[in-house]
Amino acid sequence: MIRVEHYARKKVLVLGLAKSGVSAALLMQKLGAFVTVNDMKPLAESAEAQALLEAGITVICGRHPVELLDEGFELVIKNPGIPYNNPMTEKALALGLPIITEVELAYEISEAPFIAVTGTNGKTTTTTLIDKMLEAGGKNPLIAGNIGTVACEVAQTATSDHTIVIEMSSFQLMGVKKFRPHVAVFTNLYDAHLDYHGDRAGYLKAKLNIAASQLATDYFIYNGNQAELLAHVDQIAAETVSFAIMKNTTNHAMACVQDGMLCFGDEEILAVDKILLPGAHSLENILAATAAAKLVGVSNSAIKHVLTTFQGVEHRFQFVRAIDGRTFYNDSKATNIVAASKALESFSTPTILLAGGLDRGNEFDELKASLKHVKALVTFGQTAPKLARVAREVGIEEVRVVTDVEAAVPAAYALSHAGDTILLSPACASWDQYKSFEERGVVFMAAVRKL
C-alpha cells in the first residue's frame, strides 16, 4: 500500500455507507483524515454506522442535513448510488468541494496496476473472464469492485506483483479524477441509467472517464462496431485496440473471429466451436477479455484453458441443467431489453422465454425482432400484460401469465419438447417481486431442480 500523505488532517465527509462507504471511512481514518460519515439509515438500524462510531469516527445518521456542509469539509467521498441532484451533492458542488468515489482512493494507494471494465452489458462476464485468464497465466489477479471486495480494501493488500481487475459502473466513474487503469475495457453502450445521467451523452461521458487519465503507455479496448465509441477514439491518449466478431475496414478489429478461429492480431488462439460459453454477445465479451489478457502477456494456452472450461457467471446467461432434452439457462441479470435481446439472439433452437418484472414504462416493442425462435412466452410481474401483447403481435401462440418465477418454470416445462431451450431472461428489473436479480435467479434455479 502506498501511504499517501495529503489526506492527513483533512476534514472528509463520507456520504452514504454500504460496503464502499465503510471501507472509505476506515481508510481515510488510517491516512490521518478527520472523518465524518453521513447516511440516511437510522443509527439504530445500521450495524455498520455503529461500528464506525466505536472506531472513533463521527457518524450522523437518519437524514442528510445540508447544513453539515458548512463545517469546513475539504473533500466528499460519495456512495456511487447517490445522484448529483441530491441536495447534499448539489450544495457540495456549489461550494466547490471535490466529490470522488472510493475507487479513486483505491487507485491512489495501490501498488498494483489496474485493468478496469465498463459498459452497459457484459461487464461482469468480461471482468470474470479477464480475472480467470490472468490467474491461469500466473499473473496474480485480484478481483475488485462491483463483483468482488471493495476496491480500496483490495488495494491495501495488493503489491506490485498483483493486477487488480475491477468492474466499474458509470456511477463510480463520475467520481474519478486521477484514476488511471493500465488497461481499460469498454464493452458496449446502450441506453441505461438515463434518469441518473440526464441523457445518453451524459451517460457516455461518464463511461469515458475510464480512459480520461490514461497515457500513451496504456491500452483502451473498445467495441469496434459502435459508432459512438469510434467517434471518441481519437480523443483517447492510450493505445486503442478494438474488438468485433467480424473484422472490417471500419472497426479494424485486433480481436476478432476469422475462418471459425478466435484471433488476436495474426495469432489464431482457439476454434470458436471449442468455446464453452454460448452466444454472440458472449463472444464479444470473450474477445474483449482475450484482448486484455494478451496485452498483459497471458499465454494462448492459458486463454484456451479458460474458454474451454468457463461455463458463465451466475445469473448471467448461466447454463443450469438439461432435463429430458430441454436445456435451462438463467439470465436473470438481463434487466433491460437489450440484454434480453442479446440472449435470445444467441439461440437458434425453439425457445420458451420466461420474462417480466418491474414496470419502468417500456412497451417492449424493441424486443419483437429477437423473438423469431420463441415458441412460447411465460410472463409474470408488473409487465406481464405488456409482454403478452408483444408476444401475440408477433404470432407467438402459447402465452401464459403466471404469478412469479417459481410458477413460470413448471409452466414452461409443460409447454416444451426435447430440443427446446427454456430461458429466463426477464428484460426487466426484479424489484416488483424480488430484492435483486440474484434472488430471482436463485428462485429460478431452485424451481428447475424441483422438476
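The sections below set out a description of the structure shown in this document. Worth saying up front: this structure is predicted, and the values here are computed from it rather than measured. (Residues numbered from 1 in each chain as written. Predicted model: local features only at pLDDT ≥ 70, side-chain atom pairs only at ≥ 80, totals over all residues. Heavy atoms only, no water.)

1. A closer look at the sheet that holds strand 4 (residues 75–78)
Spatially, 3-2-1-4-5 is the arrangement adopted by the five strands of the open sheet, whose pairing is parallel. The sheet is open, and its two borders are formed by strand 3 (58–61) and strand 5 (99–100), each paired with just one other strand. Sheet analysis places strand 2 (residues 34–39) next to strand 3, joined by four bridges and oriented parallel. Across the sheet, the residue bridging to threonine 36 is threonine 58, located in strand 3. (Pairing = 2+ DSSP bridges. Helix = DSSP H or I, 4+ residues; strand = E, 2+ residues; numbered from the N terminus.)

2. Structural notes on the sheet that holds strand 19 (residues 398–401)
Overall, mixed pairing links the six strands, which are arranged 15-16-20-17-18-19 in an open sheet. Of all the strands in the sheet, just strand 15 (318–323) and strand 19 have a single pairing partner and so form its edges. This sheet shows a mean twist of 15° between the axes of neighbouring strands, independent of strand direction. Note that strand 17 (residues 351–355) and strand 18 (residues 374–379) share five bridges and pair parallel. Pairing of leucine 353 across the sheet is with leucine 377, part of strand 18. Set on the sheet, helix 14 (residues 384–393) makes contact with strand 17, strand 18 and strand 19; between it and strand 18 the angle comes to about 165°. (Axes fitted to C-alpha atoms, helices over the stretch in contact; angles between N-to-C directions. Contact = heavy atoms within 4.5 Å.)

3. So, the packing of aromatic side chains
Scanning all chains against the criterion turns up eight aromatic pairs. With 5.9 Å between their ring centres and 15° between their planes, phenylalanine 220 and tyrosine 222 make a pair best called stacked. For the pair phenylalanine 317 and phenylalanine 347, a centre-to-centre distance of 5.4 Å together with 40° between the ring planes defines the contact as tilted. Taken together, the positions of phenylalanine 317 in the loop between helix 12 (300–307) and strand 15 and phenylalanine 347 in the loop between helix 13 (337–344) and strand 17 put the pair 30 residues apart, joining distant regions of the chain. Of the two residues examined, phenylalanine 317 and phenylalanine 347, each falls in the buried class. Put simply, the rings of Phe317, Phe319, Tyr329 and Phe347 pair up and form one aromatic cluster. Taking the ring centre of phenylalanine 437 as reference, the NZ or CZ of lysine 333 above it sits at 5.6 Å. (Phe/Tyr/Trp six-rings, centres within 6.5 Å; stacked < 30°, edge-to-face > 60°. Buried < 20%, exposed > 50% of the residue type's maximum accessible area, 1.4 Å probe, protein only. Lys NZ or Arg CZ within 6 Å of the ring centre and 35° of its normal.)

4. Things to note about the pattern of salt bridges
All chains considered together, the criterion is met by 15 salt bridges. The salt bridge involving aspartate 365 is made with lysine 368; its shortest N-O contact spans 3.1 Å. The partly exposed category is assigned to aspartate 365, whose relative accessible area is 34%. Residue lysine 368 is classed as partly exposed on the basis of its relative accessible area of 28%. With its nearest N and O atoms 2.7 Å apart, the salt bridge here joins lysine 368 to glutamate 393. Here glutamate 393 lies in helix 14 and lysine 368 lies in the loop between strand 17 and strand 18, a separation of 25 residues in the sequence. Among the residues examined, glutamate 393 registers a relative accessible area of 46% and is labelled partly exposed. (Salt bridge = Lys/Arg side-chain N within 4 Å of Asp/Glu carboxyl O.)

5. Examining the nonpolar core
Membership of the largest hydrophobic core comes to 55 residues, with the highest contact counts inside it found for Met28, Val37, Ile77 and Phe220. Broken down by element, the residue count for this core peaks at five residues, all from helix 1 (residues 18–30). The residues touching phenylalanine 220, leaving out its near neighbours within four places in the chain, are Ala184, Phe186, Leu208, Ile210, Ala211, Gln214, Ile236, Ala238, Glu239, Thr240 and Val241. (Core = buried A, V, L, I, M, F, W, Y, C linked by side-chain atoms within 4.5 Å.)

6. Quick look at the side chain of glutamine 172
Relative to the elements of secondary structure, glutamine 172 occurs in helix 7 (residues 170–173). For glutamine 172, a relative accessible area of 6% gives the class buried. Once residues lying within four places of it in the same chain are set aside, the contact partners of glutamine 172 are Pro80, Thr101, Val103, Asn146 and Glu167.

7. Comments concerning the packing of helix 5 (residues 123–136) against helix 12
In the contact formed by helix 5 and helix 12, the axes pass within 8 Å of each other and the chain directions differ by 130°. Looking at the two axes, helix 5 sits oblique to helix 12. Along this stretch, helix 5 crosses helix 12, giving a crossing that reads as right-handed. Where helix 5 abuts helix 12, its residues Leu129, Lys132, Met133 and Ala136 lie against Ala302, Ile303, His305, Val306 and Leu307. Looking at the contact of helix 5 with helix 12 residue by residue, the classes come out as seven nonpolar, one polar and one charged. (Parallel < 35°, antiparallel > 145°, perpendicular 65-115°, else oblique. Left-handed = near helix turned anticlockwise from the far one by under 90°. Nonpolar A, V, L, I, M, F, W, Y, C, P; charged D, E, K, R; others polar.)

8. Re the pairing of strand 1 (residues 11–15)
By the criterion of burial, strand 1 is predominantly enclosed, with four of the five residues buried. Here strand 1 runs beside strand 2; their pairing, made up of five bridges, is parallel. Across the sheet, the residue bridging to valine 12 is valine 35, located in strand 2. Crossover handedness for the path strand 1 to helix 1 to strand 2: right-handed. (Right-handed = clockwise from strand over helix to strand, strands pointing away.)

9. A short note on the side chain of threonine 290
By the element assignment, threonine 290 lies in helix 11 (residues 280–295). When its relative accessible area of 0% is taken as the criterion, threonine 290 is described as buried. Once you skip the residues sitting within four places of it in the chain, threonine 290 turns out to touch Met133, Leu262, Ile269, Ile303 and Leu307.

10. Let's talk about unusual backbone geometry
Backbone geometry places alanine 18, a non-glycine residue, at a positive phi of 55°. Examined against the element boundaries, alanine 18 turns out to sit in helix 1. Positioned with a positive phi, aspartate 324 is a non-glycine residue whose angle comes to about 50°. The class of aspartate 324 is exposed, set by a relative accessible area of 52%.

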